[in-house]
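Chain residues, written in single-letter form:
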Number of protein chains: 2
Amino acid sequence: MSITIKDVAKHAGVSIATVSRIVNNQPGFGKKTKEKVLKSIEELGYTPNAIARGLVGRETRTIGVLLPKVSGLFASKLLEGIETTARKEGYSVFVCHTDSKEDRSIQDLQVLKEKQVDGMIYASDQLSLAQGQLLEAMTCPIVFVSTQSLTHPFPYVKVDDYQAAYDGTSYLLTKGHEQIAFIGGEQDDLIAGKPRDKGFRQAMKDHGMPINEALMVYGDFRFQSGKKGLRQLLAAKTPFSAVFASSDEMAVGVLSEAYDKGISVPKDLAVLGYDNTMAAEMAIPPLTTIAQPLDDMGKQAVTLLLTIRENRGKAISNIEAEHEIVERKTVLLRKNTKGLFY
Amino acid sequence: MSITIKDVAKHAGVSIATVSRIVNNQPGFGKKTKEKVLKSIEELGYTPNAIARGLVGRETRTIGVLLPKVSGLFASKLLEGIETTARKEGYSVFVCHTDSKEDRSIQDLQVLKEKQVDGMIYASDQLSLAQGQLLEAMTCPIVFVSTQSLTHPFPYVKVDDYQAAYDGTSYLLTKGHEQIAFIGGEQDDLIAGKPRDKGFRQAMKDHGMPINEALMVYGDFRFQSGKKGLRQLLAAKTPFSAVFASSDEMAVGVLSEAYDKGISVPKDLAVLGYDNTMAAEMAIPPLTTIAQPLDDMGKQAVTLLLTIRENRGKAISNIEAEHEIVERKTVLLRKNTKGLFY
DNA sequence: CTGTTAGCGCATTCAA
DNA sequence: TTGAATGCGCTAACAG
């Protein structure tokens, strides 16, 4: 049985209302009373009960974050950004690892609602219809990070994947590469998969380069699928001098598979990644990649969330996060990399 | 204004007590009543308020996790294990990123207490005196993962770092390496730093190998400090054929620096890591390392926590997590690696 | 400046 | 099998 406001009031010989005022720094108490109460609080070791506060105050100072996966460099960086800003604003964060399972995320939504979170951040996964409806029914504000809903108008903070992929491809083209392989995400991923694919294709087209479908393969953004991607590419025996991987993890998978096969990066093959997680920095050789400002996106997401909350505003203002190309060691001028199958 | 148990009661024409019983599956209601109430709940879209429940029931089904860092492969894997098991048991988890800052973790402790968490998991960081006292004063059970308190008897789940380092070193010795460099964590880290250092030294000693202090350097478990570590080692110009890094990140740093310097792993130098995070799998070449079962440790931690909670038991039972050596590609027999400065 | 009181939404006695 | 009443710890009127 913990010690409550009542105990403090009794100990200090005042009413609970006075204690409450002092604890919450509200006007209306004398200097001497304050001292008395503060001393009692100190002596008794009183801690306010946030649950009780939440019940009457109708705010819990808590937000929920749904992530498809929390281990991994991408999600954890995002989460760290969210936590850092949330804390600064006086909020705690519930992590929910949905594992991209619909039933899990529905359960999470339910629990978060029951726990009366003040807001929710939905991160980097596609939304099913059922989830969308559940979200619609939510009374708290919801913000998407690193994803968006095509069917429901939730505000989001996210880089423009199409444009980023377009720019990345152009970068490779500018370096003189012409036969460029592409390892994408799942093709039915309308958020992170398709737009990058489209951006790639459009950039190729705008530069007058034909698309060779044998050079278009798809994975799931993970390391192993990057390895597999390169294997598929190699099996096609079609000439190419660069590969654009849709995630750093896949790009590192390409590096790894290339190493196994005795292919030297960047001397034989150029590799471009996407995300700029620490994996890019740690890679051998260090990976040239398209950066997403993950920690900043986390920050922006909670800022946006809290703004909407304060304004009780449905005012949907999306935030376009900036992408940029971080040059490291995996892309050289075309003339300096041999290429494969030429 | 959300819809409450009262609304359901009114709608169904019963008392709130009955609704409560039905919602909580407690004995004492008729079949027809149940149907009626369930229908009302369905129609109104009622969701119980966990905050109110928490206030009366004195349990919030929430646990707090304190991590020095949440981005990164190590912590996020641990966190994922914790979340997965917590969810299975019906608990939500608050993440707190302490950044190893004492004021932050003290704030976190305070907040978690106010939010009435049912338990706390303190992960992989050393405990200061002030934190220890705060933890002592906590009314909820507390479990340590991947760390322990030397001054306070909190239960922990953790691998035996001394033994693991001893075994890792023995492994290298068994492969025929004799001059082995060691890159440790902070030397004043009594939990993860010192024991590994001791295990290393003892293993060397037991195998009759002298310790060359020029081959003992220290970092902070991070990538960059691994790079720096190898640089220091190289500067010493003392012969060695293997390096034992106290974390995978540092080991990958060694790989990276070796690559920069044109040193081939494992042909010129053997490298052994510690942790077996995904960094080890993704490394080039794939890293031989001492595995900590992070997800299992996360699982064990919450299981232990809940057990203590149920038994209201101070019964301290620590859990020793199993370590094992995962052989990949960075360690060969001594005769197959040249070594440096010989 | 301070105290009294009425809920917040719910689980839980105790009666009926 | 059911309902009325009480209180969890706190904030926010309202009254003095």
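See the structure above.
Predicted model only: the values in this text are computed from it and were never measured.

A. Structural detail: the protein's contact with DNA strand D. The environment of DNA strand D is made up of 29 residues, and the closest members are I5 and Y46 of chain A together with R21, G30 and T33 of chain B. Of all atoms in DNA strand D that approach within 4 Å of the protein, 67% are sugar or phosphate atoms. One of the side-chain N or O atoms of S20 of chain A is found 2.8 Å from a phosphate oxygen in DNA strand D. Contacts to DNA strand D include Q26 of chain A, whose side-chain N or O atom sits 3.2 Å from a phosphate oxygen. The element that contributes the greatest number of residues to the surface near DNA strand D is helix α2 (residues 16-23) of chain A, accounting for four residues. The residue makeup of the surface near DNA strand D, split by class, is 12 nonpolar, 12 polar and five charged.

B. Broad picture of the nonpolar core. Counting residues in hydrophobic clusters, the biggest one holds 91 residues, and the most contacted among them are L79, I121 and F244 of chain A together with L79, I121 and F244 of chain B. Among all residues touching L79 of chain B, those that are not within four sequence positions of it are V70, L79 and V95 of chain A together with V65, L67, V93 and V95 of chain B. Judged by nonpolar contacts, the second largest core, of 64 residues, contains I183 and V217 of chain A together with M282 and L287 of chain B.

C. Just the interface of chain A and chain B, in detail. On the side of chain B, 58 residues touch chain A, which itself brings 58 residues to the contact. Looking at the side of chain A facing chain B, the largest losses of area belong to I51, R87 and I284 of chain A, adding up to 15% of the total buried there. Here E83 of chain B and R104 of chain A are joined by a salt bridge, their closest N and O atoms 3.7 Å apart. Summed over the shared surface of chain A and chain B, the result is 29 residue pairs in polar contact (both at pLDDT 80 or more). Listed by contribution, the elements that provide at least two residues to the side of chain A that touches chain B are α4 (50-57), α5 (73-88), β2 (92-97), α6 (102-114), α10 (223-236), α11 (248-261) and α12 (278-282) of chain A. Sorting elements by how many residues they give to the side of chain A that touches chain B places α5 of chain A first, with eight residues. Among the residues forming the side of chain A that touches chain B, the class breakdown is 24 nonpolar, 18 polar and 16 charged. One ladder, built from three bridges, connects β2 of chain A with strand β2 (residues 92-97) of chain B; its direction is antiparallel. Note that in β2 of chain B the partner of V95 of chain A across the bridge is V93 of chain B.

D. Highlighting the protein's contact with DNA strand C. Taken together, 29 residues surround DNA strand C, and among them R21, G30 and T33 of chain A together with I5 and Y46 of chain B come closest. The side chain of T18 of chain A places a nitrogen or oxygen atom 2.8 Å from a phosphate oxygen of DNA strand C. At 3.3 Å, a side-chain N or O of Q26 of chain B approaches a phosphate oxygen of DNA strand C. When residues of the surface near DNA strand C are traced back to their parent elements, those giving at least two are α2 and α4 of chain A together with α1 (5-12), α2 (16-23) and α4 (50-57) of chain B. When residues of the surface near DNA strand C are assigned to their parent elements, the largest contribution, four residues, is made by α2 of chain B. Taken together, the residues of the surface near DNA strand C sort by class into 12 nonpolar, 12 polar and five charged.

E. Up close: the side chain of S40 of chain A. Of note, S40 of chain A is situated in helix α3 (residues 31-44). Contact partners of S40 of chain A, with chain neighbours within four places excluded, come to V8, H11, A12 and G45 of chain A.

F. Representation of the environment of G226 of chain B within the structure. Mapped onto the fold, G226 of chain B is located in helix α10 (residues 223-236). Spatially, the C-alpha atoms of G226 of chain B and M250 of chain B are 3.8 Å apart, while their sequence positions differ by 24 residues.

Calculation notes
Residues numbered from 1 in each chain as written. Chains lettered and ligands numbered in written order. Predicted model: local features only at pLDDT ≥ 70, side-chain atom pairs only at ≥ 80, totals over all residues. Heavy atoms only, no water. Near = heavy atom within 4 Å. Polar contact = N/O pair within 3.5 Å; in protein donor to acceptor, adjacent residues only side chain to side chain. Helix = DSSP H or I, 4+ residues; strand = E, 2+ residues; numbered from the N terminus. Nonpolar A, V, L, I, M, F, W, Y, C, P; charged D, E, K, R; others polar. Core = buried A, V, L, I, M, F, W, Y, C linked by side-chain atoms within 4.5 Å. Buried < 20%, exposed > 50% of the residue type's maximum accessible area, 1.4 Å probe, protein only. Contact = heavy atoms within 4.5 Å. Buried area = accessible area lost by both parts, 1.4 Å probe. Salt bridge = Lys/Arg side-chain N within 4 Å of Asp/Glu carboxyl O. Pairing = 2+ DSSP bridges.

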